[in-house]
Amino acid sequence: MKYVQFNAVEKEISLLGLGVMRLPRLENGKADEKESINLIRYAIDRGINYIDTGYTYHGGDSERIIGKALKDGYRERALIADKLPIWLVEKKEDMQPIIEEQFKRLDVDFIDMYLIHNIVPEVWDNIRNFGVFEHLQKLKEEGRIGHIGFSFHGDYDLFTEVIDTYPWEYCQIQLNYLDKEIQAGLKGLEYARERGIDVIIMEPLKGGRLSDKIPPSVQAIWDRAKAAGICASERTPAEWAFRWVASQPGVSMILSGMSSVRQLDENIALFSQDDISLMSETEYAICDEAADEYNSKIKYQCTSCGYCKPCPQEVEISDVISYLNDWYAFDRIPSTMLEYNEWLDGPASGCIHCGACEEKCPQRLPISDIMTEAEEQFGK
Ligand code: SF4
Ligand code: SF4
């Protein structure tokens with residue numbers, strides 16, 4: 001396993017971190033506690049020392065499961081990263097009870113890495129108005145949390161504003177070879193790097209979409225690269241995606257939501273290779289070709305500009321469209337359905353077809369019809 005030094009953290013951190021939003025599940029959909037504890041301990045035994053969770057992952061079970069997994073001497077061997085679900089904070093007083101619950105669920109008295117979860121425009125004012133920075137700083141001074149950061153899904157302009165507002169120690173952004181220009185994107189990575197802020201990458205495989213059920217036209221690109229000798233040995237699509245992220249200047253570490261021992265073994269072997277962060281220009285060009293091929297399958301060209309907001313029914317229009325596009329482009333991979341149903345607060349079924357959004361959409365998308373289509377595909 002390769003290790004990296006964070007500016008913020010004294011100890012070396014494994015380049016690959018374990019995200020626990022996709023723990024093994026039972027048939028009833030709940031996290032399989034026994035399997036999950038085994039998986040977390042297996043990861044730590046093989047050198048992963050960064051475990052990332054969140055208040056809402058698996059309905060709170062992921063924090064509880066981590067708490068149990070880190071008994072028996074494992075606590076000292078891994079950093080815990082947990083996050084404040086800022087969208088649940090409606091007033092200043094809401095913060096501390098949530099944080100206390102996290103300590104209780106994790107059964108620890110110290111959280112090494114504490115992030116404000118998912119900064120988007122809707123919560124940015126609240127973060128400043130509710131004194132979130134001051135509150136976290138106080139917890140840090142009291143020795144209850146270690147390093148303060150944020151995870152992010154807004155756009156580049158908001159990202160730069162957030163970065164410039166507080167002396168962050170690190171941040172967490174979504175990045176993969178397909179999403180290099182959405183959200184903070186490569187530009188955001190560079191912006192943080194220039195300011196000496198460590199950047200953790202999430203969704204390097206786009207929730208498994210870049211590694212599972214690969215469309216034949218994309219697989220043909222990977223096969224051609226191998227036949228042309230661009231890579232020395234056989235590479236899985238996941239390996240291409242991980243190598244692309246690991247090679248970006250400014251990437252401090254990479255989180256992956258691994259849910260099986262097989263995935264862990266494959267990824268740990270890859271992240272132990274000396275050249276994991278050394279992608280050539282020719283290899284980048286191959287990844288660009290694959291990205292173009294995926295993009296040609298995108299049905300609705302929503303740019304996530306947000307001009308259609310606000311929807312009176314609080315339908316998360318661009319997110320719904322993004323999931324629907326993924327649903328078709330990635331051959332109806334189950335993780336798209338799972339994320340839509342678990343992570344989206346404003347699904348398409350809330351749409352009352354008032355049409356208010358359509359007149360504001362610069363892409364002239366038939367949003368009302370798209371919402372009907374999404375509801376038919378995803379069931380809500
Ligand atoms: S048409 Fe649907 S999605 Fe658009 S604003 Fe009206 S309720 Fe919201
Ligand atoms: S206005 Fe149109 S392009 Fe912009 S986010 Fe809304 S649906 Fe997408």
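These figures come from a predicted structure and were not determined experimentally.

Describing the packing of aromatic side chains
Step number 1: In total, this model carries 16 aromatic pairs according to the counting rule given.
Step number 2: On the numbers, 5.4 Å between centres and 75° between planes, the contact of Phe 133 with Trp 168 is edge-to-face. Taken together, the positions of Phe 133 in helix H5 (residues 132-141) and Trp 168 in the loop between helix H6 (156-165) and strand E8 (170-174) put the pair 35 residues apart, joining distant regions of the chain. For the residue pair Phe 133 and Trp 168, the accessibility class agrees, reading buried in each case.
Step number 3: Both rings, one in Tyr 340 and one in Phe 378, keep their centres 4.1 Å apart while their planes meet at 25°; by these two values the pair is stacked. Placement of Tyr 340 in helix H13 (residues 334-343) and of Phe 378 in helix H14 (residues 367-378) is noted, with a sequence separation of 38 residues between them.
Step number 4: Since its relative accessible area comes to 5%, Phe 378 is described here as buried.
Step number 5: Aromatic rings pair up to connect Trp 124, Phe 133, Phe 150, Phe 152, Phe 159, Tyr 166 and Trp 168 into one cluster.

Here's the deal with the site of ligand 2
Step number 1: Close contacts around ligand 2 come from 14 residues, with Cys 302, Cys 305, Gly 306, Cys 308 and Cys 361 the closest.
Step number 2: Of the residues contributing to the shell around ligand 2, the split by class is 9 nonpolar, 5 polar and no charged.

Details of helix H3 (residues 95-106)
Step number 1: Its 12 residues give H3 an end-to-end C-alpha distance of 17 Å, which sits within 8% of 16 Å, the value for a rise of 1.5 Å per residue.
Step number 2: Residues of H3 that are buried in the fold lie against helix H2 (61-69), strand E5 (79-84), strand E6 (111-119), H5 and strand E7 (145-152).
Step number 3: Just past H3, the residue Asp 107 takes up positive phi, approximately 55°.

Concerning the domain arrangement of the chain
Step number 1: Under the domain assignment used here, the chain contains domain 1 (3-215 + 235-279) and domain 2 (317-378).
Step number 2: Taken together, the 14 residues of domain 1 in the interface contact 14 residues of domain 2.
Step number 3: Across the domain 1 to domain 2 interface the summed buried area is about 1000 Å²; carbon plus sulfur atoms make up 50%.
Step number 4: Considering only the surface of domain 1 that becomes buried against domain 2, Arg 25, Arg 209 and Lys 213 emerge as the three largest contributors, covering 59% of it.
Step number 5: Counting the contacts that link domain 1 with domain 2 gives 2 salt bridges.
Step number 6: Of the charged contacts in the structure, one is a salt bridge between Glu 342 and Arg 25, with a shortest N-O distance of 3.2 Å.
Step number 7: Run the count over domain 1 and domain 2 and you get 2 residue pairs in polar contact (both at pLDDT 80 or more).
Step number 8: Here the side of domain 1 that touches domain 2 is composed, by residue class, of 5 nonpolar, 2 polar and 7 charged.

Structural notes on the nonpolar core
Step number 1: With 101 residues, the main nonpolar core has Ile 40, Ile 116, Ile 119, Phe 150 and Tyr 177 as its most contacted residues.
Step number 2: Per-element accounting of this core gives the leading share, 7 residues, to helix H9 (residues 237-246).
Step number 3: Of the residues that make up this core, three or more belong to each of domain 1 (3-215 + 235-279) and domain 2 (317-378).
Step number 4: Contacts of Phe 150, omitting those with residues within four sequence positions, involve Leu 115, Ile 116, Ile 119, Phe 159, Val 162, Ile 163, Trp 168, Tyr 170, Cys 171 and Gln 172.
Step number 5: Grouped together as the second largest cluster of nonpolar side chains are 22 residues, Val 320, Trp 327, Tyr 340 and Cys 351 included.

Concerning the pattern of salt bridges
Step number 1: For the coordinates displayed, the defined rule picks out 31 salt bridges.
Step number 2: Of the charged contacts, one joins Asp 61 and Arg 64 as a salt bridge, the two residues approaching to 3.1 Å between their closest N and O atoms. In this pair, Asp 61 and Arg 64 both sit in helix H2, 3 residues apart, roughly one turn of the helix.
Step number 3: Its relative accessible area of 18% is what places Asp 61 among the buried residues.
Step number 4: The class of Arg 64 is partly exposed, set by a relative accessible area of 37%.

Details of the sheet that holds strand E10 (residues 251-256)
Step number 1: In space, the 8 strands of this closed barrel follow the order E3-E4-E5-E6-E7-E8-E9-E10, with parallel pairing throughout. Neighbour-to-neighbour, the strand axes of the sheet open up by a mean angle of 30°, direction not taken into account.
Step number 2: Contacts between H9 and the sheet are confined to strand E9 (198-202) and E10, with E10 contributing the most and set at about 150° to the helix.

Rules behind the numbers
Residues numbered from 1 in each chain as written. Chains lettered and ligands numbered in written order. Predicted model: local features only at pLDDT ≥ 70, side-chain atom pairs only at ≥ 80, totals over all residues. Heavy atoms only, no water. Phe/Tyr/Trp six-rings, centres within 6.5 Å; stacked < 30°, edge-to-face > 60°. Helix = DSSP H or I, 4+ residues; strand = E, 2+ residues; numbered from the N terminus. Buried < 20%, exposed > 50% of the residue type's maximum accessible area, 1.4 Å probe, protein only. Near = heavy atom within 4 Å. Nonpolar A, V, L, I, M, F, W, Y, C, P; charged D, E, K, R; others polar. Expected span 1.5 Å × (residues − 1). Contact = heavy atoms within 4.5 Å. Domains from an automatic or database assignment. Buried area = accessible area lost by both parts, 1.4 Å probe. Salt bridge = Lys/Arg side-chain N within 4 Å of Asp/Glu carboxyl O. Polar contact = N/O pair within 3.5 Å; in protein donor to acceptor, adjacent residues only side chain to side chain. Core = buried A, V, L, I, M, F, W, Y, C linked by side-chain atoms within 4.5 Å. Pairing = 2+ DSSP bridges. Axes fitted to C-alpha atoms, helices over the stretch in contact; angles between N-to-C directions.

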